[in-house]
Amino acid sequence: MPVLLLLSALSAWALPLAANVPGGVALLPLGTVLESPDPPQAWLDQRPVWVARENGRWIAVVGIPLDASPGTLALKVSISGETRELPFEVRDKRYAEQRIRLKNDRQVILSPDDERRALAEIERIQALKKYWRPGSGPQADFILPADGRLASRFGLRRFFNGEPRAPHSGLDIAVPRGTPVKAAADGRVLAVDDYFFNGKTVFVDHGNGLLSMYCHLDRIDVAAGEAVAQGQPLGRSGMTGRASGPHLHWSVVLNGAMVDPELFVPRR
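The rules behind each value
- Residues numbered from 1 in each chain as written.
- Predicted model: local features only at pLDDT ≥ 70, side-chain atom pairs only at ≥ 80, totals over all residues.
- Heavy atoms only, no water.
- Helix = DSSP H or I, 4+ residues; strand = E, 2+ residues; numbered from the N terminus.
- Buried < 20%, exposed > 50% of the residue type's maximum accessible area, 1.4 Å probe, protein only.
- Phe/Tyr/Trp six-rings, centres within 6.5 Å; stacked < 30°, edge-to-face > 60°.
- Pairing = 2+ DSSP bridges.

## Examining unusual backbone geometry
Alright, step 1. Located in the positive-phi region is His 216, a residue other than glycine, with phi close to 65°.
Alright, step 2. Following the sequence through the fold, His 216 ends up in strand β16 (residues 210-220).
Alright, step 3. A residue is classified by how much of its surface remains accessible, and His 216, at 6% relative accessible area, is buried.
Alright, step 4. A positive phi angle is found at Asn 255, which is not glycine, with a value near 40°.
Alright, step 5. Looking at the element boundaries, Asn 255 is found in the loop between β19 (248-254) and β20 (257-259).

What follows is the structure in structure tokens.
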């Protein structure tokens, strides 16, 4: 019998909200600490998954890929030396469309040189998204990284100058250029770079496959390897890369999957 996502918040924002949809987070119970004092291990598509200890229970915190099809997925789990599969359901979700007009057609129809650069950068970003650093448990009660209006939401099916492109894999916060951008939670800077599409970008590693990503910055004020605290400035907002105006694009990655950042932020 597939496991449905029935868990509510186990304590005040210790874990993200559960949403068993593409781009969501599954919270799957793996038994009690009394039954298994050692932490269980879990994998989705051969990628390690964060297992949290919460109120005496082990919970697998699973990022569901945005391109996942509705139906049953299987989490591989190892508990007390016994390995088995734990099926869980993913429901359908139809994200809204968004049509954006860019003045610079070069950022929509790429030249051969730009395409080579963009593809090489995408490969590097994909490798960063798979980064795994084991830890006692990441801080998952995030804060919004900038003070501004929540604009383009996660999952929008996007069209640039009429051309279909990849869905929106983050949350846009509408802020003027130069607005401070803060770390959503404690972590360590995994990488900083200036990309064709994302512009000046900071990756923060929070441990156990949980990452956050801050894009289109005008300025970066941290360096790779630097420890950062929740609320610490990372840089200033801008419109570098492919952007129609100044804003912060904020993404959250969990076990390699881009997931909805709003699941990690307390309701305001």
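So much for the structure itself; the text now carries on.
## Looking at the packing of aromatic side chains
The description of an aromatic ring pair rests on the distance of the ring centres and on the angle between the ring planes.
Alright, step 1. A complete count under the given rule lists five aromatic pairs for this structure.
Alright, step 2. Between Phe 142 and Trp 250, the aromatic rings sit 6.2 Å apart at their centres with planes inclined by 40°, giving tilted as the arrangement. Here Phe 142 is found in the loop between α1 (112-129) and β9 (149-150), whereas its partner Trp 250 is found in strand β19, with 108 residues between them in sequence. Note on accessibility: Phe 142 and Trp 250 belong to one class, buried.

## Regarding the pairing of β19
Remember that side chains alternate between the two faces of the sheet whenever the strand is regular.
Alright, step 1. Most of β19 is tucked away, with seven of its seven residues classed as buried.
Alright, step 2. The alternating pattern of β19 places Leu 248, Trp 250, Val 252 and Leu 254 and His 249, Ser 251 and Val 253 on opposite faces, both of which are buried.
Alright, step 3. Looking at chain direction, strand β12 (residues 171-174) and β19 are connected through three bridges and run antiparallel. Bridging from a neighbouring strand, Ile 173 pairs with Leu 248 of β19.
Alright, step 4. Examined bridge by bridge, β16 and β19 share six bridges and lie antiparallel to one another. Each residue of the ladder has a partner; that of Ser 212, found in β19, is Val 252.
Alright, step 5. What sits between β19 and β20 in their antiparallel hairpin is a turn of two residues, with Asn 255 showing a positive phi close to 40°.

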